Amino acid sequence: MKLDILVLAVHPDDAELGCSGTIAKHIAAGKKVGIVDFTRGELGTRGTAETRDQEAADSARILGLEARENLRFKDGFFKNDEAHQREVIRVIRKYQPEIVLSNALHDRHPDHARAGDLANDASFLAGLSKIETELDGVKQEAWRPRLVLQYIQDHYIRPDIIIDITPFIDIKVASIKAFKTQFYNPDHQEAETYISSPDFFESVLGRAREYGKSIGTTFAEGFTSRKLLGVDDLFDLR
Ligand SMILES: [Zn+2]
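No experiment lies behind these values; they were computed from the predicted model shown. (Residues numbered from 1 in each chain as written. Predicted model: local features only at pLDDT ≥ 70, side-chain atom pairs only at ≥ 80, totals over all residues. Heavy atoms only, no water.)

Another aspect to go through is the overall build of the chain. A tally of helices and strands in the chain yields six helices and nine strands. Its C-alpha atoms give the chain principal-axis dimensions of roughly 50 × 45 × 30 Å. Counting only residues that meet the buried cut, the chain has 50% of its 238 residues in that class. Across the chain, contacts joining residues at least 24 apart in sequence account for 80% of those joining residues at least 6 apart. In the form shown here, the chain has an accessible surface area of approximately 11,900 Å², with 52% of it arising from carbon and sulfur atoms. For the chain, the centre of its 32 positive side-chain charges and the centre of its 39 negative side-chain charges are spaced 3 Å apart. (Helix = DSSP H or I, 4+ residues; strand = E, 2+ residues; numbered from the N terminus. Buried < 20%, exposed > 50% of the residue type's maximum accessible area, 1.4 Å probe, protein only. Contact = heavy atoms within 4.5 Å. Areas by Shrake-Rupley, 256 points an atom, 1.4 Å probe, with all protein chains shown as cover. Lys, Arg positive; Asp, Glu negative; His and termini not counted. Charge placed at Lys NZ, Arg CZ, Asp CG, Glu CD.)

As structure tokens, this is what we get:
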């Protein structure tokens, strides 16, 4: 199945926090979008791998994803090495995305930067035909996405490009709230964590408002790019 956009995320909920407004916006415009989570978030203080699986599936339905799968790497301890790169190359070649969205390249959680580097390295290597991979016993064709962008997560990062998500903020919020065990939920009795306080949720909305204000709209998401970005028409910029 070919996707237009493949979102790579180390923890189930990273894609929702970082770029679910952009995902919803492109799906509404007819694009095919999928998420590949690297781990099941099994080191998270609240919830379990099984509850995160269910929450990820619920969020996929809310967003209208074409596909969502989990590579079951080890949360906290996966490496950006050949074995892990080959697994990510396999999903990039499987879905042949034009655009990859990945974790931030520096952040509070050390998994995020490592996953962002892994996604960037695998996106490049997937285009080298001498790296051979198979899917279900069939040799895969080389494929390199034409663009890799990083969504912005916990740390403030000055974006290279900002996407207006104002009409999709409700879908973004609903997709995040699908992770019932992780975020603020007054009915939930587990220990409070960094991300389960009401303040954290407000900070996600505040970030979206801050990026939105900077381009003259209400809510937006920011992305960074390792390469320079171009547009065909100056009037596509705002
Ligand atoms: Zn994360």
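What follows continues from the structure just given.
The interhelical angle for the contact between helix H1 (residues 14-28) and helix H5 (residues 169-177), taken along N-to-C directions, is 135°, at an axis separation of 8 Å. The angle between the axes of H1 and H5 places the two elements in the oblique class. Helix-helix and strand crossings are classified by hand; for H1 and H5 the assignment is right-handed. The residues of H5 that touch H1, namely those facing Glu16, Leu17, Gly18, Cys19, Ser20, Gly21 and Ala24, are Ile171, Lys172, Ser175 and Ile176. Broken down by class, the residue content of the contact of H1 with H5 amounts to five nonpolar, four polar and two charged. (Axes fitted to C-alpha atoms, helices over the stretch in contact; angles between N-to-C directions. Parallel < 35°, antiparallel > 145°, perpendicular 65-115°, else oblique. Left-handed = near helix turned anticlockwise from the far one by under 90°. Nonpolar A, V, L, I, M, F, W, Y, C, P; charged D, E, K, R; others polar.)

Before going further, it helps to spend a moment on the coordination of the zinc ion. Coordination of the zinc ion by the protein involves His11 (ND1), Asp14 (OD), Asp14 (OD) and His112 (NE2), with metal-donor separations of 2.1 to 2.8 Å. Given four donor atoms and angles of 51 to 118° at the metal, the environment of the zinc ion is assigned as irregular. Here the donor residues of the zinc ion are spaced in sequence according to H-x2-D-x97-H. Of the two residues examined, His11 and Asp14, each falls in the buried class. (Donors = N, O, S within 2.8 Å, 3.2 Å for Na, K, Ca; no water. Tetrahedral: all angles 85-135°; square planar, octahedral: opposite > 155°, others 65-115°.)

Bringing helix H3 (residues 82-95) into the picture now. For an α-helix, 3.6 residues make a turn, and residues three or four places apart therefore share a direction. Between its terminal C-alpha atoms H3 stretches 20 Å, which fits the 20 Å expected from 14 residues at 1.5 Å a residue. Check the buried side of H3 and you find it contacts strand E1 (5-9), strand E2 (33-39), strand E3 (67-73) and helix H4 (110-125). (Expected span 1.5 Å × (residues − 1).)

Another point: the side chain of Asp107. With respect to the helices, strands and loops of the structure, Asp107 is situated in the loop between strand E4 (99-102) and H4. Buried and unpaired, Asp107 has no salt bridge, with Arg207 as the nearest side chain of opposite charge at 6.9 Å. Polar contacts involving the side chain of Asp107 include one to the main-chain amide nitrogen of Asp154, which spans 3.1 Å. A polar atom in the side chain of Asp107 sits 2.7 Å from the backbone nitrogen of His155. (Salt bridge = Lys/Arg side-chain N within 4 Å of Asp/Glu carboxyl O. Polar contact = N/O pair within 3.5 Å; in protein donor to acceptor, adjacent residues only side chain to side chain.)

Attention shifts here to the packing of aromatic side chains. If you walk through the whole model with that rule in mind, you get three aromatic pairs. When the ring of Phe73 is compared with that of Phe78, the centres are 6.4 Å apart and the planes differ by 25°; the resulting orientation is stacked. One exposure class covers both Phe73 and Phe78, and it is buried. Arranged with centres 5.8 Å apart and planes meeting at 40°, the rings of Tyr156 and Tyr211 form a pair that is tilted. Here Tyr211 lies in helix H6 (residues 198-214) and Tyr156 lies in the loop between strand E7 (147-151) and strand E8 (161-164), a separation of 55 residues in the sequence. (Phe/Tyr/Trp six-rings, centres within 6.5 Å; stacked < 30°, edge-to-face > 60°.)

A word on unusual backbone geometry. Of note in this structure, Arg72 is not a glycine but carries a positive phi near 55°. Mapped onto the elements of the fold, Arg72 is located in strand E3. Since its relative accessible area comes to 56%, Arg72 is described here as exposed. For Asp136, which is not a glycine, the phi torsion comes out positive at approximately 50°. Tracing the backbone shows Asp136 in the loop between strand E5 (134-135) and strand E6 (138-139). Taking relative accessible area as the criterion, Asp136 reaches 74% and is therefore assigned exposed.

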